[in-house]
Every structure is written in structure tokens, then in C-alpha cells.
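One letter stands for each residue in the lines below.
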Amino acid sequence: MNPEIALRIALPIGTTLDRFIQQKQEQFPFATGELSQLLRDIALASKIVNREINRAGLLDIVGSFGTQNVQGEEQKKLDVIANVRFIRALKNGREACGIISEEEEDLIDTGNYNGKYVIAIDPLDGSSNIDVNVSVGTIFSIYRRRSPIGTEVQAEDLLQRGVDQVAAGYIIYGSSTMLVYTTGYGVNGFTYEPSLGEYILSHTNIQMPEEGTIYSCNEGQYHEYFAADRAYIDYCREQKYKTRYIGSMVADFHRNLLKGGIFFYPATQSAKKGKLRLMHECNAMAFIAEQAGGKATDGKQRILEITPTHYHQRTPFYVGSKKMVEKVEQFIKQFAQE
Ligand code: AHG
Ligand code: MN
Ligand code: MN
């Protein structure tokens, strides 16, 4: 046989996301499969969004939609498209009774009263990067509802602490598209194979290096930051660490997850609570970071232990390699005492 063909046949395709989810479900004798289906719905929607993103330049879907979201931020056309795609997939899937989205002010009642789960989602993270062909992402958190099954979804179903997430993940639409998720038993990454339309397991049990040499923050805000954060940046510079800031948290986080590093979006003089949303953005990343051996705090408290009081709550955010996050915490403690 032609050696090239022999080699091609010898290489298996690997484990698809569907099979992986199925195998994991079989390890839990009482699992009913709804969470598995929910993850599949998210994967399907992400494939559609991936297609739109890949062709954005050709389809006249770059640029602004001409509206603002609930936080007064400009909405991009792809923000709106991704929001609709994910919400539709989640409604049709019937496992989720409620959704909160970064792009929607209120809780979305899906009408699926028998659904056991609720979801918080940032349909498109880093959307300002879309016009210039830079990586963007989707972030999601899944919780078990608190109100009785068969009834209307309630605010208390969503306003849960990050420690109560049953699953969380992100999709990075980058030089390749990947889905990374955890259900609390480690973190696994799947790379999208566009010609098959499948996510294939490519990164098993991801562990974040304990220590790193990359720091990611918007350093242009240096003079807007508080003294402790400025001192930490000075420390990073003294150590000759590398600055890497894409401006899409998913992409910055993903790089740091694999290579070791810290991402932070601290409070600033004009935004005392920072910018990032606890429920749509930070909780999922914190869960993944911890599952991979990393750490996530608001500078003083573990992100996953913050009790949210409203859906669009913001928080300062420090996430990444354990020792790097501990270092910045030391600076924060030290400056609080002075
Ligand atoms: P989104 O596109 O969902 O609004 O999120 C953008 C976020 C995050 O991804 C990124 O790290 C940060 O905003 C960038 O903000 P700055 O431009 O202030 O650095
Ligand atoms: Mn975002
Ligand atoms: Mn967004």
C-alpha cells in the first residue's frame, strides 16, 4: 500500500465530543442525560456561530448593529447573531428553563418548565476584535435550578454562587476553534474539525502551570489602576515577564491556561467594580481555572464564593496560575494595610 495512505488509515480520528460526553455520563449510574444534551446543544450552536465568524468578512456581518446592550455597550452584529443562535438552541433543546445573557437585560424564561437547568452566557466575548480577525469566544455556566421542576423559572435559580456550577466552559474561535469545559472532574479541550463538523478530544485533563511568566491586563489603564495593581505590574516588569493582552478574555485565558500566566481586569478609579461580569464571564473561567489547578479571586475573595445580587454584577478579576494569583493577592493585602 502507498505509505502515505497507510499512515492516514493508521491514524484514528480520536474521540468526538459526543462520545466523550456519553462515556462520562455512563460513569454516573443515575444520570438522566439532560446535562449531556445541554452540552450538545451548546456545541451545536457554537458550530453555527463559528461558521458565521469564519465568513464574517464576506457576509456583511462585521461592524456595529447600531444598538447598545443593557450595559450601554455598543452591540456588534455578531453579538446579536451569537445571542440569537445560543438562545434558540437552548430553548429548542428543552433542558434549560432559564437563561441570562450578557446581551439581554432580563432573565429569559424559555417556557421549558420541566427543564432542570439554568444557564448564564456571554454569547460573544471580545467582540470588538471581530472586525479585525482576532480571536473571540463564548462563555457559559450551567446551574441546577432551585425552584421546583414544572414551575416557572425564578431569579433565585440564576443568582447562585459559582461554586454551585454543575458545568462551565468556553469556546475559542481562534486559529482553530476549540471547546473547553469542565463538569467538576477536570478540564478537557476539544478541537473543531470543520470538514467533519465535529469537536475531537485534543487536550485531556488540562493542568495550568503553577507558575508562569505571562501577565495580561490592559496596561494602558496603568494610571487608572489602584496602587496595589500598579505595584504588581511594576513587579512583573522587574521580573521581565511577558505582556500579552489580546482584549478577548477567552483568548487571553486560554493561552495562560496552557502556558501559565495571569489575566487580570482590576477595579479602576472610574470603575470601582471593574468591567467583567461575574455571572456571564468570571464564574465559568474561575471554575475552569480551579479545576486545572489555578486560582481566581476578586483580589480579596475567591470568585466562586461571591453571592450575586443581580445578573449583570461586575467584579474585579484575577485569574491564572496559582502562584501568580497569590502574588498579586499579597500586593493587595500589603497596600490595604498601608
Ligand atoms: P465583551 O466583548 O463580551 O463585551 O467582553 C470584552 C471584555 C473581555 O473579553 C476583555 O478582556 C475586555 O473586555 C477588554 O476590555 P478593555 O478594552 O477595557 O481592555
Ligand atoms: Mn465578554
Ligand atoms: Mn460579549
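Residues numbered from 1 in each chain as written. Chains lettered and ligands numbered in written order. Predicted model: local features only at pLDDT ≥ 70, side-chain atom pairs only at ≥ 80, totals over all residues. Heavy atoms only, no water.

### Here we look at the overall build of the protein chain
In terms of regular secondary structure, the protein chain is built from nine helices and 15 strands. Over its C-alpha atoms, taken along the principal directions, the protein chain stretches across nearly 65 × 60 × 45 Å. Counting only residues that meet the buried cut, the protein chain has 53% of its 338 residues in that class. A fraction of 63% describes how many contacts in the protein chain between residues 6 or more apart in sequence connect residues 24 or more apart. Roughly 15,400 Å² of accessible area belongs to the protein chain as shown, and the carbon and sulfur atoms make up 48% of that amount. In the protein chain, 37 positive and 41 negative side-chain charges are present, and the distance between their average locations comes to 3 Å. (Helix = DSSP H or I, 4+ residues; strand = E, 2+ residues; numbered from the N terminus. Buried < 20%, exposed > 50% of the residue type's maximum accessible area, 1.4 Å probe, protein only. Contact = heavy atoms within 4.5 Å. Areas by Shrake-Rupley, 256 points an atom, 1.4 Å probe, with all protein chains shown as cover. Lys, Arg positive; Asp, Glu negative; His and termini not counted. Charge placed at Lys NZ, Arg CZ, Asp CG, Glu CD.)

### Observations regarding the site of ligand 1
The environment of ligand 1 is made up of 17 residues, and the closest members are Asp 125, Gly 126, Tyr 245, Met 249 and Tyr 265. Between ligand 1 and Leu 124 there is a distance of 3.3 Å, counted from an oxygen atom to a backbone nitrogen or oxygen. The separation between an oxygen atom of ligand 1 and a polar main-chain atom of Met 249 is 2.8 Å. Look at ligand 1: alone it shows 470 Å² of surface, and the protein chains cover 82% of it. No other element matches strand 5 (residues 117-125), which puts three residues into the shell around ligand 1. (Near = heavy atom within 4 Å. Polar contact = N/O pair within 3.5 Å; in protein donor to acceptor, adjacent residues only side chain to side chain.)

### Examining the coordination of the manganese ion (ligand 2)
Taken together, the protein ligands of the manganese ion (ligand 2) are Asp 122 (OD), Asp 125 (OD) and Glu 281 (OE), with distances of 1.9 to 2.2 Å. Within one chain, the residues donating to the manganese ion (ligand 2) are spaced in sequence as D-x2-D-x155-E. Here the manganese ion (ligand 2) and the manganese ion (ligand 3) are spaced 3.7 Å apart, and both take Asp 122 as a donor. With Asp 122 in strand 5 and Glu 281 in helix 8 (residues 278-291), this residue pair connects regions lying 159 residues apart in the sequence. The burial state of Asp 122 is the same as that of Glu 281; both residues are buried. (Donors = N, O, S within 2.8 Å, 3.2 Å for Na, K, Ca; no water.)

### A short note on the domain arrangement of the protein chain
Parsing the protein chain into structural domains produces domain 1 (14-203) and domain 2 (214-337). The gap between the C-alpha centroids of domain 1 and domain 2 is 23 Å. Run the count over domain 1 and domain 2 and you get one salt bridge. Taking the shortest distance from any N to any O, the salt bridge between Arg 277 and Glu 102 comes out at 3.2 Å. Where domain 1 touches domain 2, the interface holds 15 residue pairs in polar contact (both at pLDDT 80 or more). Secondary structure elements with two or more residues in the side of domain 1 that touches domain 2: strand 3 (96-101), strand 5, strand 6 (136-144), helix 5 (155-158), strand 7 (165-173) and strand 8 (177-182). The greatest single-element share of the side of domain 1 that touches domain 2, amounting to eight residues, is contributed by strand 7. Its residues assigned to classes, the side of domain 1 that touches domain 2 shows 24 nonpolar, 17 polar and seven charged. (Domains from an automatic or database assignment. Salt bridge = Lys/Arg side-chain N within 4 Å of Asp/Glu carboxyl O. Nonpolar A, V, L, I, M, F, W, Y, C, P; charged D, E, K, R; others polar.)

### Overview of helix 8
Judged by how many residues are buried, helix 8 sits mostly within the fold: twelve of 14 residues are covered. Within helix 8 the residues assigned to the buried category are Leu 278, Met 279, His 280, Glu 281, Cys 282, Asn 283, Ala 284, Met 285, Ala 286, Phe 287, Ile 288 and Ala 289. Gly 293, located one to two residues past helix 8, shows a positive phi value of around 90°.

### A word on the side chain of Arg 255
Mapped onto the secondary structure, Arg 255 falls in helix 7 (residues 249-259). Since its relative accessible area comes to 15%, Arg 255 is described here as buried. One polar contact links the side chain of Arg 255 to the main-chain carbonyl oxygen of Arg 244, over a distance of 3.4 Å. Excluding anything up to four places from it in sequence, Arg 255 contacts Ile 214, Ser 216, Arg 244, Ile 246 and Gly 260.

### Digging into the environment of Asp 234
By the element assignment, Asp 234 lies in helix 6 (residues 227-238). Judged by relative accessible area, which is 27%, Asp 234 ranks as partly exposed. It is 23 Å that separates the C-alpha atoms of Asp 234 and Gly 294, two residues lying 60 residues apart in sequence. Looking at Asp 234, its side chain comes within polar contact range of the side chain of Tyr 222, at 2.6 Å.

### A closer look at the environment of Pro 266
Counting through the fold element by element, Pro 266 comes out in the loop between strand 13 (262-265) and helix 8. The sequence separation of Pro 266 and Glu 305 amounts to 39 residues, and the corresponding C-alpha distance is 18 Å. Not counting chain neighbours up to four residues away, the residues in contact with Pro 266 comprise Tyr 225, Asp 229, Gly 274, Pro 316 and Tyr 318.

### Quick look at the pairing of strand 10 (residues 198-203)
As defined by bridge partners, strand 9 (residues 187-193) adjoins strand 10 across five bridges and the pair is classed as antiparallel. Its bridge partner being in strand 10, Gly 189 is matched across the sheet by His 203. Connecting strand 9 to the antiparallel partner strand 10 that follows it, the hairpin turn spans four residues, and Gly 197 within it adopts a positive phi of roughly 70°. (Pairing = 2+ DSSP bridges.)

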